[in-house]
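# Secondary and tertiary structure notes
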Amino acid sequence: MANLEVDYSEVLGKKAECPDGCGLCCLCQPEVLAEERHFFEREHSRSLVRSKGPEPYLALALKKGKGSCVFLNGRRCAVYENRPTYCRQFPYHIYVGDKVKVELDLSCRGVWTEKGVDAKAEAEEIVRKAEGRIRRAVREAGEVYSEFYRNCREAGVLGDPAEIRRMVSENADRFTDPAFIGKVMEMTLIEPSMTLDGIKEGPADMDELNDAAMETAMESMAAEDPVNAPVYCDEEWNWNIFLADGMSGRIDWMVLDDEGDLAKKGSARTSDIKIREPDPDGKEILKRYISILNQRESFLGNVFSLMDATGYEDDMSNAYYGCLSTTVLDILWRASMLDHFMGTGMGERGIREAIIFYDMDRLDAPAIGAFV
Ligand code: SF4
Ligand code: SF4
């Protein structure tokens, strides 16, 4: 694409397939672009609705208003040739921030099988088709980022993202240790502009860490309506929903079926789920995921958005390390919760499943920049 640099590093050397029986991305209610509406208006006049959520858009209807897309039959798309652009783009996400980057959605089990098409070639084709939308988003993002950096300079909190990322990359394995995360979170509150070099190994206050993890996880799994709750597609292709209720301090486990009905599978007091340290092979896969997050423009955009929301009180490095710590804590808590309900453990399998559960949620995180 002339004059438009796109970072494909996340998809380089990867493969992607869409195994039968999944249908997870058909729960996401993809937007229908203006040029795609005609087919649905003409052939399926009742299939277009306003999506739920804070920024509604025109989308395909869901079964019973809370299940999968109405066109998903037997976990297969009934309008495959005419499916919207966003269905075609999945599991690739084009993020336009300070630069354009293609990210791979690790909630899609088809990217873990190491089978299928070459991900970079497929991503390039998707980018080619989305060129107009990308160029528009680049123009808009340019202005937003200039304003953001200006605000940072004025508040004296500007950092160097490349340097911050380098520090994380050198310390990626330490971020897999709950004690280290606890210390980082402590330091972000004390130090005006922190580095990771000065953080010593040692025990952390696990009670405090558990509370922080529980709070983060409860927040991300608290939804009044199950349609807005994150979904975890497990190894047997069940669509699991975990709904946290802050008032009762409980978390309910439900499974959504193909007709849009929910069946309760279990319930637990959130205080009974304790964050646990991953096993060595769990740490290894978590470290790889941290390295991916650390290179994602959307993650940086998320940190910047938090800095903006808190009035530029925090130094950029503090905000970045704090946000990464909270993210890892959320994943570890989810792994502990999946283990509690399903016995997935804290090894490679348990942490992988927690990442699969977590990775799609970032699409809803506020960010400076945008997915196109
Ligand atoms: S989430 Fe991935 S594997 Fe599942 S239906 Fe979508 S593309 Fe296919
Ligand atoms: S149109 Fe097809 S691919 Fe898109 S969400 Fe509906 S069933 Fe899934």
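The following refers to the structure shown. Owing to the predicted nature of the structure, the values given are computational and were not obtained by experimental measurement.

What counts as what
Residues numbered from 1 in each chain as written. Chains lettered and ligands numbered in written order. Predicted model: local features only at pLDDT ≥ 70, side-chain atom pairs only at ≥ 80, totals over all residues. Heavy atoms only, no water. Helix = DSSP H or I, 4+ residues; strand = E, 2+ residues; numbered from the N terminus. Rg over C-alpha atoms; globule rule 2.2 N^0.38 Å. Buried < 20%, exposed > 50% of the residue type's maximum accessible area, 1.4 Å probe, protein only. Contact = heavy atoms within 4.5 Å. Lys, Arg positive; Asp, Glu negative; His and termini not counted. Charge placed at Lys NZ, Arg CZ, Asp CG, Glu CD. Near = heavy atom within 4 Å. 1 Å grid on protein atoms, 1.4 Å probe; cavity = no way out; pocket = protein on both sides within 12 Å on 5 of 7 lines; lining within 4 Å. Sits in = over half its atoms within 2 Å of the grid points. Nonpolar A, V, L, I, M, F, W, Y, C, P; charged D, E, K, R; others polar. Pairing = 2+ DSSP bridges. Axes fitted to C-alpha atoms, helices over the stretch in contact; angles between N-to-C directions. Expected span 1.5 Å × (residues − 1). Polar contact = N/O pair within 3.5 Å; in protein donor to acceptor, adjacent residues only side chain to side chain. Core = buried A, V, L, I, M, F, W, Y, C linked by side-chain atoms within 4.5 Å. Points joined across faces, edges and corners; volume = space filled by probe spheres on them. Patch = residues over 30% accessible without salt bridge, like charges linked within 9 Å, V, L, I, M, F, W, Y side chains within 5 Å. Areas by Shrake-Rupley, 256 points an atom, 1.4 Å probe, with all protein chains shown as cover. Salt bridge = Lys/Arg side-chain N within 4 Å of Asp/Glu carboxyl O. Phe/Tyr/Trp six-rings, centres within 6.5 Å; stacked < 30°, edge-to-face > 60°.

When helices and strands are tallied, the protein chain shows 11 helices and 14 strands. The globule rule puts the C-alpha radius of gyration for 372 residues at 21 Å, and the 21 Å found for the protein chain is close to it. Expressed along its principal axes, the backbone C-alpha trace of the protein chain runs to roughly 65 × 50 × 40 Å. Within the span of the protein chain, comprising 372 residues, buried residues form 51% of the whole. Counting only contacts in the protein chain whose residues sit at least 6 apart along the sequence, the fraction spanning at least 24 positions is 69%. Of the charged side chains in the protein chain, 46 are positive and 68 negative; the average position of the first set lies 5 Å away from that of the second.

All right, on to unusual backbone geometry then. With an omega dihedral of 10°, the bond running from Phe90 to Pro91 counts as a cis peptide bond. Assignment of secondary structure puts Pro91 in the loop between helix H2 (85–89) and strand S7 (92–96). In this model, Glu114 sits at a positive phi of 60°, which is unusual for a non-glycine residue. Structurally, the position occupied by Glu114 is in the loop between strand S8 (100–104) and strand S9 (117–118). Here Tyr312, not a glycine, exhibits a phi torsion of approximately 60°, which is positive. Tracing the chain through its elements places Tyr312 in the loop between helix H9 (297–309) and helix H10 (316–342). Residue class for Tyr312 comes out buried when judged on its relative accessible area of 12%.

Before going further, it helps to examine the site of ligand 2. Residues in contact with ligand 2, as listed here, are Cys26, Pro30, Leu60, Cys69, Phe71, Leu72, Cys77, Val79, Pro84 and Cys87. A majority-of-atoms criterion places ligand 2 in the second largest pocket. Broken down by class, the residue content of the shell around ligand 2 amounts to 10 nonpolar, no polar and no charged.

Within the open sheet, the four strands sit side by side as S10-S11-S12-S13. Their pairing is antiparallel. Taken across any chain shown, the strands that pair with only one partner, and hence form the sheet edges, are strand S10 (231–233) and strand S13 (262–269). With strand direction ignored, the average angle separating the axes of adjacent strands in the sheet is 25°. Bridge count for S10 against strand S11 (residues 239–245) is three bridges, and the pairing is antiparallel. Of the residues in S11, the one forming a bridge with Tyr232 is Asn240. Across the sheet, helix H11 (residues 348–358) is in contact with S10 and S11; its angle to S10 comes to roughly 135°.

Another point: the site of ligand 1. Around ligand 1, the neighbouring residues are Cys18, Pro19, Cys22, Gly23, Leu24, Cys25, Phe90, Cys108 and Gly110. A majority-of-atoms criterion places ligand 1 in the second largest pocket.

This paragraph deals with the environment of Glu224. Residue placement: Glu224 occurs in the loop between helix H7 (206–221) and S10. Take Glu224: its relative accessible area is 85%, and that puts it in the exposed class. Between the C-alpha atom of Glu224 and that of Asp361, which follows or precedes it by 137 residues, the distance is 16 Å.

The next point concerns helix H6 (residues 178–190). When the terminal C-alpha atoms of H6 are compared, their 19 Å separation across 13 residues agrees well with the 18 Å that a helix rising 1.5 Å per residue should span. Of the positions making up H6, those classed as buried are Pro178, Ala179, Phe180, Ile181, Gly182, Val184 and Thr188. For H6, the elements touching its buried residues are H7 and H10. N-capping of H6 is provided by Asp177, with a side-chain oxygen placed 3.0 Å from the backbone N of Ala179.

Quick look at the nonpolar core now. Core analysis: the largest hydrophobic core is formed by 103 residues, its most contacted members being Leu196, Phe242, Ile251 and Met337. Contacts of Met337, omitting those with residues within four sequence positions, involve Met221, Phe242, Ile251, Ile273 and Phe357. By size, the runner-up hydrophobic cluster in this structure holds nine residues, among which are Val32, Phe40, Leu48 and Leu60.

Let us now look at the layout of surface pockets. Within this model, the second largest pocket holds a volume of roughly 1100 Å³. Lining the second largest pocket we find 45 residues, and of these Tyr80, Arg83, Cys87, Arg88 and Phe90 sit closest to its centre. For the lining of the second largest pocket, the secondary-structure elements that each account for two or more residues are strand S6 (76–77), H2, helix H3 (119–129) and helix H4 (131–155). Its residues assigned to classes, the lining of the second largest pocket comprises 24 nonpolar, seven polar and 14 charged.

A word on a negative patch on the surface. On the surface, Glu186, Asp205, Asp207, Glu208, Asp211, Glu215 and Glu219 cluster together to form a negatively charged patch. At five residues, the largest contribution of residues to the negative patch is made by H7. Its place among the elements puts Asp205 in the loop between H6 and H7. Look at Asp205 and you get partly exposed, because its relative accessible area is 44%.

Attention now goes to the packing of aromatic side chains. Within the structure shown, the criterion is met by 17 aromatic pairs. Seen from their ring centres, Tyr95 and Phe371 are 4.9 Å apart, and the 75° between their planes marks the pair as edge-to-face. With Tyr95 in strand S7 and Phe371 in strand S14 (residues 370–371), this pair connects stretches of sequence that are 276 residues apart. Where Phe148 meets Phe304, the ring centres are 4.2 Å apart and the plane angle is 25°; that geometry is what we call stacked. Of this pair, Phe148 sits in helix H4 while Phe304 sits in helix H9; the two residues are 156 residues apart in sequence, bridging distant segments of the chain.

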